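Residue-level structure breakdown
Residue-level listing of the chains:
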Amino acid sequence: MRGLDASDRSESRAVMGANNFYILTALANLPWAVVVMAHNGGDFILPGVTHLAMVTVWVIALVVNKRGYTPWMSAASIVAAIAQYTFLTDVFSRAAGFQFALFGMPALAFAMFVRRHGRVRAAVIVLAAIPAVWIYLDGAFAHPWVTVSDTWLDWSAAMMVVSVMILLMSQAAFADYYFNRERKHNSALLAEARVAAHTDALTHLLNRRGVAPRLIEAAEAGQYCVALADLDRFKRVNDVLGHGAGDVVLASVAATLEDSVGSKGSVARWGGEEFLIVLPGLSLVDGEATLERARLDLEARFREDLGGSSVTMSVGVIAAPQDAARDEVLRQVDAKLYEAKASGRNMVVAGALA
């Protein structure tokens, strides 16, 4: 549909609802204008002329909607429809069924106006209800101005019933389409938000919140290892090469750790230049060997990329039994990392949970 303003989804919905109405009803009412104008051999063309005028208002509204949400134009188009169908009922009598179109106006009010224009919605509903009630209470609407056969009146009423049903079904189909589209959009946004909440934006690794369930799952499953790795003298990288280069290094370290650990466990950015690795089901020996291989892979990769210089890391590893207290595991793995730093850096220090 034309006339959409993506900056406001509720206004976009209202524009789509209005355009849906304008296109459908304009196409449906052009033949009606010809039929009404041709009645009685064209001796009384005023109803047909006013019907064409109503369709013209809808076409203008459709063009104006190219600029965005225009509630005043939507209101004008509905008022034109209410006035025209009341006039046709007066001309051809309520037996012709033109008043049935008034019953669809409340649905249009909700489709064409956003919630903050609730008073406009209410005004449209009242404006359509007044002539609808008036038509059935005033006996003047029981008799046509013009000579018209009962067969013509029956066919007119039947066609109006069909027209109103099509209008209401189209609005219901639009509401269903829009509801499902919004539900899918919101589900996608929610999924993105969940990923963002559990993922580090720079490295695309899990963050602290994201790795927490992995720690719980590993502890519940049985024996496991937890490792905490910290890049050695990383501040020097930022000072010499700049923070932009430091970010590139962090992203590259993350990719290297993920490649080295593989399917054995999960890697998360713990904060700054620290990375937490969870290795479910691994013994102390296997966990230490996995992190030693990761350390060597990292050293080799950056020696190659930096032309002889290297980025290294110190690692602490703790093997924990099933259901070990997470805080104690993290405390002790942090102590092992500190031991690796104090022992000269660029090494893995491992131990079992004390």
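Whatever comes next refers back to the structure up there.
Residues numbered from 1 in each chain as written. Predicted model: local features only at pLDDT ≥ 70, side-chain atom pairs only at ≥ 80, totals over all residues. Heavy atoms only, no water.

Before going further, it helps to spend a moment on unusual backbone geometry. Located in the positive-phi region is Ser 93, a residue other than glycine, with phi close to 80°. With respect to the helices, strands and loops of the structure, Ser 93 is situated in the loop between helix H3 (71-92) and helix H4 (105-112). The phi dihedral of Asn 346 falls on the positive side, at around 55°, and the residue is not glycine. As for its position among the elements, Asn 346 is in the loop between helix H11 (326-342) and strand E5 (348-352). (Helix = DSSP H or I, 4+ residues; strand = E, 2+ residues; numbered from the N terminus.)

Time to look at a nonpolar patch on the surface. A cluster of nonpolar residues, Val 161, Val 162, Met 165, Ile 166 and Met 169, forms a patch on the protein surface that exposes about 440 Å² of accessible area. For Met 165, the location among the structural elements is in helix H6 (residues 150-198). (Patch = residues over 30% accessible without salt bridge, like charges linked within 9 Å, V, L, I, M, F, W, Y side chains within 5 Å. Areas by Shrake-Rupley, 256 points an atom, 1.4 Å probe, with all protein chains shown as cover. Salt bridge = Lys/Arg side-chain N within 4 Å of Asp/Glu carboxyl O.)

A full pass over the atoms with the stated rule returns seven salt bridges. Linking Lys 341 and Asp 230 is a salt bridge whose minimum nitrogen-to-oxygen distance equals 2.7 Å. Of this pair, Lys 341 sits in helix H11 while Asp 230 is found in strand E1 (residues 224-231), placing the two residues 111 residues apart along the sequence. Here Arg 331 makes a salt bridge to Glu 328, at a shortest N to O gap of 2.6 Å. Separated by three residues within a single helix, Arg 331 and Glu 328 lie in helix H11, roughly one turn from each other. Overlapping salt bridges bring together Asp 230, Asp 232 and Lys 341 as one network.

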